[in-house]
Amino acid sequence: MVMQHGNLFIVALSLMAGITARAESLYLHIWESDGNWTVLDLGQVDKLTFRENGMQVLDAGDNLVKSFSSAGLASMEVSEQKVSGIIGIGSETDKSPIKLEGKILTIKEDGALAIHDAGGRLCVEILSVSAGQTVDLSAIVNGVYVVTLNGSTVKIRI
């Protein structure tokens, strides 16, 4: 279940219904507009409260676990997985199959390129790229992305 900022109330009701049914195995993934990603174990969460200024996450004793500003919330998703399906993310280095300068991505080896946002959504896919080719990423918003090229996965921040 994925939600965008404008549907917070409806999704909150859905979340709370799901929490009572299966709290031990569900996690709430929250992406903020600045690229931060928070994962909360719904077995430890009793309430989500929404107000004009944002969302508060409370435990069974009504203690504040975490709060988020309304402006900072980008999306939320409930998942049975605590972590994303991506394992072994590296950062851009000299050994990386890519080089990022501003919003221009330079490819260092031939292959297939995929770029996903922090929510796992596919943003860019090029089935065949060549070493030396550049990809202009100015059309995508600033944030954290995962770039996959020939099985190598690299995290970038634009």
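Since the structure is predicted, the reported quantities are computational estimates derived from the model, not experimental observations.

Here is what the cut-offs are and how they apply
- Every residue gets a number counted from 1 within its own chain, in the order that chain's sequence is written.
- Residue-level local features of this predicted model are given only where pLDDT is at least 70; pairs of side-chain atoms are given and counted only at 80 or more, and the full residue set underlies all totals for whole chains, interfaces and linings.
- Calculation of side-chain values draws on the structure's entire complement of heavy atoms; hydrogens and water are dropped beforehand.
- Note on scores: pLDDT gives the predictor's confidence for each residue, bounded by 0 and 100.
- Note on definitions: a residue-residue contact is assigned when non-hydrogen atoms from the two residues lie within 4.5 Å.
- Here a strand is any run of E in DSSP of at least two residues, a helix any run of H or I of at least four, and the numbering for each starts at the N terminus.
- Working definition: with a 1.4 Å probe on protein chains only, accessible area under 20% of the residue-type maximum means buried, over 50% means exposed, and in between means partly exposed.
- Each pair of strands is called paired provided DSSP finds at least two bridges between the two strands.

### A few points about the confidence of the model for the chain
Scored by pLDDT, the chain has a mean of 77; 75% of the residues are at 70 or more. In the model, residues 1-23 has pLDDT below 50 throughout and makes 39 contacts with residues more than four positions away in sequence or in other chains. Counted against residues more than four places away or in other chains, residues 85-90, with its pLDDT under 50, gives 10 contacts.

### Looking at unusual backbone geometry
You will see that Asp62, though not glycine, has its phi angle at about 60°, which is positive. Locating Asp62 in the fold gives a position in the loop between strand 5 (54-58) and strand 6 (64-69).

### Topic: the pairing of strand 10 (residues 104-107)
Residues Leu105 and Ile107 line the buried face of strand 10, whereas the alternating positions Ile104 and Thr106 sit on a face that is not buried. Summarising the sheet, strand 9 (residues 98-101) and strand 10 pair through four bridges and their orientation is antiparallel. Bridge pairing in strand 10 links Lys99 to Thr106. With antiparallel pairing between neighbouring strands as the criterion, strand 9 and strand 10 make up a hairpin whose turn holds two residues, including Gly102 at a positive phi of roughly 65°. Bridging between strand 10 and strand 13 (residues 134-136) involves three bridges; their strand directions are antiparallel. Opposite Ile104, over in strand 13, you have Asp136 as the bridge partner.

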